[in-house]
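Chain by chain, the residues:
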Amino acid sequence: MPVLALPFPAVDPVIFEVGPFALRWYALSYIVGILLAWRYMRLAVQKDRLWQAVPRPGLVDIDDFVTWGTVGIIVGGRLGYVLVYDPLTYLANPVEIFAVWNGGMSFHGGFAGTVLAMVLFARARGIPLLTLFDLAGIAAPIGLFFGRLANFINDELWGRPTDVPWAVEFPSGGYIPRHPSQLYEAALEGVLLFLVLRLMSHRFGLLQKPGFLAGAFAAGYGITRSIAEEFRMPDAQIGFLPGGFTMGMLLSGPMIIAGIALMVWSWRRARAA
């Protein structure tokens, strides 16, 4: 055991309880992430210099989309985890599917659910789909940051055993010093990806190339997630895949390819126009 291994912070996952109602850090992180992402999207559509003549959703559209996006995140994220990561457990006890406060959300499932919500919302409102994709892409790292912090507090998705000085002894990980991979992901998928997309959208004007930032988010997330997977333990019920890959890497690969393809297509389309 490394001398400088850090004990897991004793944070009660329940903030407070009133009768049958309990507010948990896990739920609060999703609420805060969604609200801040909504505010960030509102600020972006109000800045004319970012758009020039490119059509964009109005403030009312952004306000109304929050409900659609929230449903897509929660339903898609939960179903993605249930169907991909642990179907046998939930098949044996279907009631647990609804116990989202215990953790068990898949980003890739939430991504798919949000994409479907955006497609339906854009068709219903008659707004440019690619632009809505871009707005969601530049705001998504905010939610990812808070979601990964919630994973840390929830004592889940911890990392592989290590002897680095900042290793953390997670209770559910057998008190073995491990990489705090949730914090790595918060830094990579949340902070770093947010800053890169912020630079692209506000400094280089890439919101004027519909679809480019959506592709940049997809590729950027796939890359940062794959890096983090090198330090994160795979889900016990799946384990490592052949070649040392993990399910997270496998699902991130298509996102990287699709994201790069969308960026190239958007750039060429803008140049041709």
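Since the model is a prediction, treat every value here as computed from it, not as a measurement.

Asks: So what about the environment of Ala258? Which residues, and what values?
Replies: For Ala258, the location among the structural elements is in helix α8 (residues 247–272). Note: C-alpha distance between Ala258 and Ala219 (39 residues apart in sequence) is 7.3 Å.

Asks: Got a sec to walk through the domain arrangement of the chain? Specific residues and values, please.
Replies: The domain boundaries assigned to the chain delineate domain 1 (10–53 + 130–272) and domain 2 (57–127). Placing the centre of domain 1 and that of domain 2 at their C-alpha centroids yields a distance of 15 Å. When the two sides are added together, the surface that domain 1 and domain 2 hide from each other amounts to roughly 2500 Å², 74% of it contributed by carbon and sulfur. If you sort the residues of domain 1 by the area they bury against domain 2, Ile34, Leu132 and Phe133 come out on top, with a joint share of 21%. Our count for the contact surface shared by domain 1 and domain 2 stands at 1 salt bridge. Two residues, Asp63 and Arg42, come together in a salt bridge whose shortest N-O distance is 2.8 Å. Joining domain 1 to domain 2, the criterion identifies 4 residue pairs in polar contact (both at pLDDT 80 or more). Only α1 (25–45), α5 (129–153), α7 (212–229) and α8 provide two or more residues apiece to the side of domain 1 that touches domain 2. Split into classes, the residues belonging to the side of domain 1 that touches domain 2 amount to 17 nonpolar, 6 polar and 6 charged.

Definitions and limits used
- Residues numbered from 1 in each chain as written.
- Predicted model: local features only at pLDDT ≥ 70, side-chain atom pairs only at ≥ 80, totals over all residues.
- Heavy atoms only, no water.
- Helix = DSSP H or I, 4+ residues; strand = E, 2+ residues; numbered from the N terminus.
- Domains from an automatic or database assignment.
- Buried area = accessible area lost by both parts, 1.4 Å probe.
- Salt bridge = Lys/Arg side-chain N within 4 Å of Asp/Glu carboxyl O.
- Polar contact = N/O pair within 3.5 Å; in protein donor to acceptor, adjacent residues only side chain to side chain.
- Nonpolar A, V, L, I, M, F, W, Y, C, P; charged D, E, K, R; others polar.

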